[in-house]
Each structure stands twice: as structure tokens, then as C-alpha cells.
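The residues making up each chain are set out below.
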Amino acid sequence: MPREMLLDIRNLHVSFTGYRGHSRVLNGVNLTVGRGEKVGLVGETGCGKSLTVRAVLGLLQPPRARIRGEIWFAGRNLLALPPGELQQIRGREIAMIFQDPMAALNPVFTVGDQLLDIIARRPGGRPSERAAWARAVDILKEVALPDPERIMRAYPVQLSGGMRQRVLIAMALVNEPALVIADEPGTALDVTIQEQILQVMRALVDAKRTSVLLITHNLGVVRQTTDRVYVMYAGSIAETAPTADLFSAPQHPYTQGLLASVPKLTGEGVPRGIDGMIPDYLNPPPGCRFAPRCQFAQPRCQQPPPWVRVGAEHDVACVLYDDGSRPSAERAAPSPIPLPTGEGTDEASGLPSNTAPAVTRP
Amino acid sequence: MSEPLLRLVDVVKHFPIRTGFLMRQVGVIKAVDGVSFALHPGETFGLVGESGSGKTTLAMTLLGAYRPTAGSMWFRGYDIADPEVRRGVPAIKKAIQVVFQDPGSSLNPRRTVRQTLEVPLRVHGLAHTSAEALRRVTALLEMVELPPEFMHAFPHALSGGQKQRVAIARALATEPSFLVLDEPTSALDVSVQGKIIALLVDLQRRLNLTYLFITHDLSLMRNVATRVAVMYLGKLAELAATPALFSAPRHPYTRMLLSAIPVVSEEEERLKPRWIVPRGETPSPARVPPGCSFHPRCPDAFDVCPRLDPVAAAVDGDHRVRCHLYPGCTPAEGTDAAPARH
Amino acid sequence: MSVVAAAPARENLRRTWYAFSRNGGSLFGLGIVVVVVLLTAFAPWVTPFPRHARAFTDFEHASLPPGGSHLFGTDTIGRDILTRVVFGYRFSLLLGLVVLSAAVPTGVVLGLLAGYYRGWPETVIMRVTDIFLSIPPLALALAIMAVLEPNLQNAMLAVSVMWWPWYTRLVYGLVSSLRNEGYVQAAQIVGASPAHILLREILPNCLPAILTKMTLDMAFVILIGSSLSFLGLGVQPPDPDLGTMVADGAKYMPDLWWVPVFPGLAILVIVLGFNLLGDGLRDIFGVEV
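Residues numbered from 1 in each chain as written. Chains lettered and ligands numbered in written order. Predicted model: local features only at pLDDT ≥ 70, side-chain atom pairs only at ≥ 80, totals over all residues. Heavy atoms only, no water.

Per an unreviewed UniProt entry, chain B goes by the name ABC transporter ATP-binding protein and belongs to Candidatus Segetimicrobium genomatis. On record in UniProt, under Sequence similarities (unreviewed entry), the comment for chain B is "Belongs to the ABC transporter superfamily." (UniProt positions renumbered as here; feature names shortened; annotations may be inferred.)

Shown next, in the form of C-alpha cells:
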């Protein structure tokens with residue numbers, strides 16, 4: 001791949017031992033983020049998005065969590081680093097934007113205190129007090145906060161939700177990290193504010209060529225914000241593609257189902273969604289974990305799905321594509337998943353369909 | 001048009017802000033500030049608004065959790081704004097039920113599904129013996145497409161969608177005619193949302209229910225509501241049939257909302273109004289701007305807006321809007337100022 | 001689908017036990033508490049000299065150091081200290097149980113009422129609670145004991161009087177947040193009575209916190225009771241009480257060190273046991289008390 005890789009997660013497995021037994025949650029996650037690239041990671045609740053992030057940040061504690069695989073960041077395998085070095089990388093080179101700004105800001109310190117504290121930790125030595133203050137005011141201006149001098153002296157409770165989210169973005173970007181991980185940024189906010197926040201974030205990371213890993217369940221937000229998308233299901237990547245391709249020509253039955261589930265402004269009624277639910281990680285189905293919910297499932301799905309390239313930077317983990325052929329126009333059609341009234345369809349182009357989809361209700 | 005099931009007339013809910021040792025009143029939160037609309041039997045009336053718009057306060061007032069400061073709410077010939085009427089006529093409590101947003105919090109973690117569902121049955125004397133209660137609980141579960149074994153489960157054993165089905169069953173237990181659905185699917189995954197909505201639509205048809213559907217998800221609203229009201233700082237900005245509201249939004253706030261919806265296809269992108277950069281954020285309902293409360297954020301504001309509060313007027317049949325840009329919305333100079341009701 | 005366990009209550013218990021048993025400290029605490037409870041329950045049969053528990057003199061065997069047939073030695077009038085320690089635990093546990101069974105229901109009921117009914121009930125109950133909480137517990141108990149005759153019953157009374165406000169405040173805080181839960185609002189909207197809402201919907205969700213606090217408080221109450229006895233205001237001789245034994249024995253330090261040290265260690269052990277157990281419960285219930 002021509003792009004220089006910043007983050008390269010290879011075959012990441014994470015499992016936990018708990019009261020009910022051993023649950024294998026992450027099941028071989030492969031994910032890359034190039035320098036300056038904005039990558040989205042989407043999936044439903046419990047699919048392993050947040051766990052992936054926590055693994056990258058080194059927040060999973062062995063022995064409770066068992067981790068296998070590699071997480072390369074700027075040439076170093078984070079999983080093999082001593083904790084001290086990981087701590088350094090975490091603060092300076094990887095920054096995090098959390099969903100709930102109130103929880104991520106310390107209520108007893110002013111915005112200025114918290115921002116200056118971060119600036120003092122920047123690589124390359126502590127700047128003078130005056131320089132640090134100027135830097136803090138600058139970054140607040142960059143996130144389009146009015147009257148930055150006043151905000152520096154304000155406590156988090158004195159700010160509105162949107163302002164707090166901007167402060168969080170400022171705090172994440174002030175030391176110019178190489179990678180920002182944003183976990184559902186702004187989803188706690190109203191739609192008009194959320195859009196503003198995402199625009200500010202986009203403009204800033206583009207200007208600084210910061211890489212972004214955006215974690216969200218909101219497909220619309222991903223479409224507006226990212227260059228490339230990973231779709232995650234039950235602990236592994238189902239599909240990855242450049243954002244425009246993923247939304248115009250989704251290939252994996254799960255991606256198709258997910259996209260078809262979103263209510264549309266065109267007003268054709270609310271789609272039925274996907275039958276069944278995420279498998280129990282204690283006893284996941286062998287092979288493709290989506291197979292029990294997939295209307296195209298076939299005996300071959302009992303084996304781990306192949307990773308097939310179907311287009312430029314467009315890969316999908318599904319047996320439907322492993323015959324070597326490029327996707328036919330028919331397959332690439334945006335929505336082969338039946339809409340509300342749809343019965344079992346023949347769009348599976350003659351593939352044997354041995355499954356009565358499990359009639360588990362959500 | 002049929003007789004409305006519920007008619008709100010100038011409903012106001014103000015919360016006093018008290019402070020200090022003597023609890024002196026220092027201000028007022030105008031959560032709901034003069035809302036009027038009517039719900040017709042069998043319809044799904046959508047209510048959208050951002051946080052602080054007062055949509056949840058309005059819903060809780062309808063449900064009797066708050067006593068309105070002023071105004072009346074006519075339901076089957078009773079003014080349910082009066083708590084005496086609510087207390088005196090148990091049929092009202094039976095007839096109006098609610099499904100909350102967060103299925104995690106709306107079920108008691110220490111009570112089984114059966115115990116939860118039996119409460120409304122016992123309170124309203126719908127089941128006198130345990131055999132009768134059991135039969136009713138089974139029927140309720142069947143109504144929400146859950147197998148009877150679920151009655152023995154505690155909420156933690158259920159998925160989000162299943163919990164929400166139980167919450168719907170609880171709301172249906174009293175055989176209501178009107179349900180307030182307060183963001184019933186916004187805590188659920190999108191792949192599950194559709195099934196809950198389909199269930200609600202199906203129940204509405206079978207049981208002839210009327211819904212007040214509250215959500216901030218405009219794409220969802222487009223697909224579930226028959227009419228939509230847009231609320232801003234305690235007042236309705238616009239009210240129209242759903243297709244009209246989405247295809248020809250009149251109020252600048254509605255346009256701003258619609259332009260910010262994150263959508264998933266180019267086709268939808270074309271349906272959105274041109275992107276309007278929102279100015280600032282919704283002010284606190286404790287400090288409502290004078291005149292039209294939206295004017296500080298409005299891209300189309302002009303000299304009248306900060307001075308006079310517009311009144312609602314019909315612009316096109318049933319399409320009502322409250323904005324000085326439209327004829328009939330500007331009251332005669334001097335008659336408005338701050339309306340004197342407290 | 002089999003998400004619905006056949007016996008959910010037992011399943012919950014098993015899950016709780018699993019979480020609890022992962023913590024060595026809390027298991028150790030539970031061990032101590034169980035052993036002490038069993039010892040006191042069967043004290044007349046498991047102690048070597050049950051008659052030494054009350055008035056008894058045997059100057060031939062007085063002041064024997066630990067060893068031989070007297071594992072903890074004997075006191076200055078020849079009573080077996082091990083026996084008296086075990087019987088002393090009886091008074092400690094009795095004090096704890098009586099105090100908590102008086103203070104907890106009172107405190108919980110007042111807390112439920114204050115948290116649920118805003119307005120004057122809240123104001124009255126919580127202001128009285130605040131007044132009680134502002135007085136140092138031992139000082140209040142001492143003041144009460146100064147008026148009353150010093151004995152076990154009055155010690156229980158004194159400690160109970162100062163203990164209920166803690167539960168009022170705990171439950172008040174819990175109710176204030178639980179009343180905003182969806183299931184409480186749903187019950188109100190459905191028309192359930194306040195009694196149903198308080199006892200069936202809210203109280204069960206307060207129980208983990210109450211239980212945890214009770215366990216931790218057993219340790220405090222025992223300590224306070226022993227302090228009162230130490231000052232001569234609690235259990236009166238010849239009844240064996242750990243606090244009294246420490247106070248009496250302190251006179252013979254350091255020559256007859258075993259006379260005060262073993263009762264003192266016994267207090268330490270039971271307090272530690274209840275504290276560890278309480279910490280364990282707090283962790284598995286995830287409650288703040």
C-alpha cells in the first residue's frame with residue numbers, strides 16, 4: 001500500500017475469563033490507519049469497537065484480559081512496550097476524545113489549568129508560562145471558541161455542552177499528536193451542535209495532518225467525517241472500503257443490512273433491521289460469526305471467512321466473494337437486503353441458502 | 001376531521017428557581033411556554049426538539065408527573081391539567097401510558113418481568129387472582145412477541161430490544177388508548193430499532209392507539225410520524241404534516257435542524273435544505289431571549305425579531321409556523337411584550 | 001433461545017458468590033466472621049472452662065502465662081482468658097445485632113420518607129438527622145451513659161440512638177436518585193401506591209448498600225461498645241466483655257501482658273473481619289456507603 005502506516009493492528013485477539021467461562025471477544029482484528037488519514041470504525045453495541053481502542057491505549061489488564069497479536073504504532077509494537085514507554089506514547093502521540101465531555105473534564109480545575117497541564121507534558125520540553133498560555137489561547141481559537149481568554153478561566157460547569165466538547169478537542173490536539181482516537185464525539189449533543197463539532201474537528205485534523213480513528217455507531221457521522229471505514233461485527237472486521245465506496249456499494253451482508261436498517265429521509269418506512277442478535281462470545285459460532293443471522297449463509301461459512309479484495313482498498317470477509325471474480329454489478333448493487341416487506345430473495349444469485357435465519361428476537 | 005383525542009390549549013409549565021436559605025424565587029425556567037395542538041385518534045404525532053426545548057417536560061406534564069402552570073389539556077371531555085380530575089377519574093391514568101427512552105433504567109433490576117407486568121394489572125383491578133394475572137401477563141408478552149418463559153427473567157438477562165418490548169407490554173397492560181413514546185428506540189442499535197418500530201406500528205393498528213412520538217432522530221421521525229411539531233425553547237416553531245415539514249420546511253430553525261441531519265446516501269443529501277451554519281447553542285430556558293426566542297441564532301432575523309414574539313399562523317392549509325417571515329405571525333406593535341401569565 | 005435461566009434467583013446468587021470469591025481479603029473476612037459466630041453460638045461446649053465466664057475464682061491457677069491447658073493464660077483471679085474472650089464475643093455480637101436491628105429499620109424508614117416526599121417531611125427529618133450527625137458518636141454515647149445507669153441495655157440504647165441517622169442519610173441519598181429512574185416514574189404513571197413504590201420498587205434497590213453498610217457498621221458498633229466498656233460504662237463485671245477485660249488487664253502491663261493483649265487482639269480480629277467482609281460486599285455490589 002502506498003500510504004505510510006501510522007497504526008497497524010495485526011490479528012488482534014482479546015479474550016476474558018469470567019464467571020460464565022472464557023469469552024473470546026476480539027477474533028483477529030486487522031486495521032490500519034495511515035498518516036493523515038481519517039478512519040471510521042463502525043459497529044453495533046458490543047461488537048468490540050471500544051475494546052479495540054482500549055487495547056491500543058494499553059488499558060486492558062492481563063491476566064484478566066488475554067491479548068494476542070500486534071499493535072504497531074509508528075514502528076513500535078505497543079503490546080511489547082514496557083508500561084512506562086506506553087504511557088509516554090499515550091499522552092503525547094495518541095490522544096483521545098471521549099463521548100461525554102463532562103466525565104472527561106475535571107470539574108475542580110479551570111479549563112486553563114487542564115490545558116496548561118497538557119501543554120507542560122508536550123514532547124520537547126516544558127515551554128515558558130507565557131508561551132504555554134499563548135498556545136492554549138491559540139488552540140481554543142482554533143476550535144472556534146469565542147472569547148478564549150475568558151474560557152481559560154472558566155470551570156467546566158460554566159460551559160455549555162458544545163463548548164465542553166470543543167475544549168476536549170482542543171485538549172486532544174494541543175500537543176499535535178500523530179493519532180487522535182475519537183469515541184462517539186458529540187453524540188451526547190444535539191444534532192446541530194454535533195455537526196458543528198465534527199466540522200471543527202475535521203478542519204483541525206486536516207490542517208495538522210493528524211490521523212483520526214473515529215469510533216461510532218452512527219453511519220451518517222462516519223460518512224461525513226472519514227476517508228475510509230471499517231465495519232466491525234462480533235469481534236472482527238467484516239468489511240473495509242473508502243467511505244464513498246462503502247456507502248454506495250456495500251458488499252458484506254452485514255454492512256448491507258446495517259445500511260438498510262437506517263431510516264431514510266426519503267420516507268419509505270422504517271426498515272425491519274437485521275434478524276437475530278450478536279452471538280454470545282462464550283460460545284461463538286465457528287467460522288463466520290455473522291452466519292447465523294445471514295440470509296446468504298452456506299456450509300462454507302462454518303470455516304473462517306476469507307479476506308477478499310473486491311475493489312481499490314475495498315476488502316470484505318465473506319465467502320460470497322472468494323471465487324476470485326470481481327463483484328458483479330448485481331452484487332455491487334447498493335441494497336440486496338430485502339426491505340420491510342421483502343421475503344427471502346433471489347438476489348443471492350443462485351447461491352444455496354441452507355439457513356432458516358435464526359428467529360431470535362432482539 | 002374526527003374529534004381530537006387530546007387537545008392542548010396554551011399549556012405552560014414554569015419551574016421557579018429558588019435559592020438561599022429562605023428559598024426566595026429568583027427566576028423562572030420556562031420549560032413549556034404556551035403550547036397548543038390537538039391529537040387525532042389513531043395518529044402518530046411527532047415532537048422534535050433539542051435538549052432544553054421542553055419536549056420531555058411537556059410529555060411528563062401530559063402524564064401527570066407535573067402540574068401545568070397554566071393552560072388546559074382536554075382528554076375525553078376532562079381537563080386533565082387539573083390534578084383533582086386525574087385523581088378522581090382513574091380511567092385517565094389507565095388510558096394514558098408511556099414508554100421511556102432507556103430500557104436499562106425503565107425496568108426495575110430487582111423485579112422479574114412478571115412482577116413488573118403485574119403491577120398495572122393489580123393497581124387497576126384488571127386481575128384479581130394470580131391465575132388471571134398469569135393469563136394476562138402471558139397475553140401481554142405475546143402481544144409484544146416475546147415467549148411466555150420471559151416472565152421469569154430479570155431485566156439483566158434481556159437484550160436492549162427485549163427490555164423495550166417488556167416496557168411496551170407494561171404500557172399496554174392498562175389497555176390505554178394513548179401512548180407517549182419518549183425516544184423509544186434511541187438507546188437501541190439501528191438493526192434492532194426497526195423491529196421495535198414495526199411492533200409499535202402493528203400495535204397501533206390492532207389496538208387503535210394514538211402515539212405522541214418524541215425523538216431527536218429526524219430521519220426516524222420522517223418515517224413514523226403522521227404530523228410533526230418542532231419545539232424550541234418551550235414553544236412550537238412549526239407544525240405540519242410530515243411530508244410537508246420535510247419537503248417544505250418554513251421556520252428557519254426547522255431548516256437548520258434538517259440541514260444538520262447526518263444521512264447515509266447521496267439521494268438523502270439532496271433532500272436536505274442547504275447547510276445552515278448554526279450560530280451558537282440553544283440558550284438555557286432560564287434565560288429566554290426577548291422577542292422571538294430563536295432570533296440570536298436565526299440566519300434570517302431582522303429588526304422585528306428581537307422585539308416581538310411571533311404568533312402562530314397557518315401558511316398552507318394545516319401547516320402552521322411561528323415566524324415573522326410569514327404573514328399573520330407578527331402581532332400588532334405594542335400588544336405583545338412579555339405575556340403576563342405566571 | 002435460552003437467555004432465560006430456569007432459576008434466575010439462584011443464578012444471581014451464584015454470580016455474586018463468584019465475584020465475591022475472587023477477592024481473597026473478603027473471603028478471609030467472611031472466614032473470621034463465620035468462625036467467631038460459630039464459636040460464640042457454641043461457646044458453652046467449645047470453651048475449655050465455661051464456668052470461668054462469670055464470677056469465679058481459682059487463686060491456685062491465677063496469673064498463669066499462655067500455654068498448657070490455658071492457651072491464652074489466666075487472669076489475676078485464675079479465670080481462663082480464652083474462655084472469657086469467646087464469651088466476650090457474645091456481648092460484642094449481641095450489642096452489634098441489637099443496635100443495628102434498632103437503628104437500621106428506623107433510619108431506613110425515615111430515609112425513604114424524606115427522600116420520597118419532598119417538602120416538609122424532607123426538611124424536618126433531614127435537619128434532625130444533620131443535628132445528630134454533627135455530634136461525635138462517642139461523645140453522644142458518653143453523654144447518654146452519664147445520665148443512665150451503666151449496663152449493657154443502656155449501652156445498646158445509647159449507641160442505637162446515635163446510629164440511625166447514618167442510615168437515614170444513606171437511604172435518603174439513594175432514594176433521591178432512584179426516584180428519577182424510569183421504573184419508578186413508570187410505576188407512578190401507572191398509578192401504583194406510594195407504599196408499593198417505596199417498598200417494592202425503591203427499597204430492594206437500596207438493600208445492597210444497606211447490607212454493606214451494616215456489615216461495616218458491625219465493626220464500628222463493636223468498637224464503640226468496647227470503648228464504652230473500657231471506660232466502665234458498658235458491660236459490668238463479672239460478665240466478660242472484651243473492652244472491660246482490656247481495661248482491667250491494662251493495670252498489670254507489662255508483667256501480665258497476656259491479660260489485656262488477647263482481648264485486645266480479639267477486638268482487632270472481629271473488627272478486621274467485618275471490615276474485610278464489608279469491603280468485599282461493597283466491591284461486588286458496586287455501592288458507595
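Right, picking up where we left off after that structure.
Colleague: Quick one: what's the story with the overall build of chain A, residue by residue and with numbers?
Modeller: Of the regular secondary structure elements, chain A holds 11 helices and 12 strands. Within chain A, buried positions represent 53% of all 362 residues. Residue pairs in contact within chain A that sit at least 24 positions apart in sequence constitute 66% of those at least 6 positions apart. Accessible surface, chain A: about 15,300 Å² in total, of which carbon and sulfur atoms supply 53%. (Helix = DSSP H or I, 4+ residues; strand = E, 2+ residues; numbered from the N terminus. Buried < 20%, exposed > 50% of the residue type's maximum accessible area, 1.4 Å probe, protein only. Contact = heavy atoms within 4.5 Å. Areas by Shrake-Rupley, 256 points an atom, 1.4 Å probe, with all protein chains shown as cover.)

Colleague: Tell me about the environment of Tyr155(A), and please be specific about residues and values.
Modeller: With respect to the secondary-structure elements, Tyr155(A) resides in the loop between helix H6 (148–152) and helix H7 (161–173). Placed 135 residues apart in sequence, Tyr155(A) and Phe290(A) show a C-alpha to C-alpha distance of 47 Å.

Colleague: Let's hear about the sheet that holds strand S10 (residues 236–242) of chain A: which residues, and what values?
Modeller: Neighbouring strands of a sheet are bound in pairs by backbone hydrogen bonds; such pairs are parallel or else antiparallel. Residues and elements named next belong to chain A. Here 8 strands make up an open sheet; going across it, the order is S6-S7-S8-S3-S9-S10-S12-S11 and the pairing mixed. Looking at which strands have only one partner, the edges of the open sheet turn out to be strand S6 (94–97) and strand S11 (307–311). Ignoring which end each strand starts from, the neighbouring axes of this sheet average 20° apart. The sheet contact formed by strand S7 (residues 179–183) and strand S8 (residues 211–216) spans 5 bridges and is parallel. Residue pairing across strands places Val180 opposite Val212, the latter belonging to S8. (Pairing = 2+ DSSP bridges. Axes fitted to C-alpha atoms, helices over the stretch in contact; angles between N-to-C directions.)

Colleague: Please set out helix H11 (residues 253–261) of chain A residue by residue, giving values where relevant.
Modeller: Most of H11(A) sits out of view: 9 of its 9 residues are buried. Listing the buried residues of H11(A) in full gives Pro253(A), Tyr254(A), Thr255(A), Gln256(A), Gly257(A), Leu258(A), Leu259(A), Ala260(A) and Ser261(A). Each element contacted by the buried residues of H11(A) is listed here: helix H9 (219–225), strand S9 (228–233), S10 and helix H10 (243–248) of chain A together with helix H8 (190–207) of chain B.

Colleague: So what's going on with the interface of chain B and chain C? Which residues, and what values?
Modeller: Residue-level contacts link 28 residues of chain B with 23 residues of chain C. Our count for the chain B to chain C interface comes out at 1 salt bridge. Between Arg111(B) and Glu201(C) there is a salt bridge whose closest N-O contact spans 3.7 Å. Put simply, chain B and chain C have 7 residue pairs in polar contact (both at pLDDT 80 or more) between them. Here the residues of the side of chain B that touches chain C sort into 14 nonpolar, 9 polar and 5 charged. (Salt bridge = Lys/Arg side-chain N within 4 Å of Asp/Glu carboxyl O. Polar contact = N/O pair within 3.5 Å; in protein donor to acceptor, adjacent residues only side chain to side chain. Nonpolar A, V, L, I, M, F, W, Y, C, P; charged D, E, K, R; others polar.)

Colleague: Run through the pattern of salt bridges, naming residues and quoting values.
Modeller: All names here are of chain B. Applying the stated criterion to the full structure yields 39 salt bridges over all chains. Here Arg322 makes a salt bridge to Asp309, at a shortest N to O gap of 3.1 Å. Taken together, the residues Arg322 in the segment after strand S12 (319–321) and Asp309 in the loop between helix H12 (266–271) and strand S11 (313–316) connect sequence positions 13 residues apart. Residue class for Arg322 comes out buried when judged on its relative accessible area of 10%. According to the relative accessible area criterion, Asp309 is buried, its value standing at 10%.

Colleague: So what's going on with the sheet that holds strand S4 (residues 65–73) of chain A? Residues and values would help.
Modeller: Residues and elements named next belong to chain A. Here we have 4 strands laid out as an open sheet, ordered S2-S1-S4-S5, and antiparallel in their pairing. The two strands at the open ends of the sheet, each matched to only one other strand, are strand S2 (21–34) and strand S5 (76–77). Relative to S2, strand S1 (residues 5–18) runs antiparallel, the two being bridged by 11 bridges. The residue of S2 that forms the bridge with Gly18 is Gly21. Along the sheet, helix H1 (residues 49–56) makes contact with S1, S2 and S4, crossing S1 at roughly 110°.

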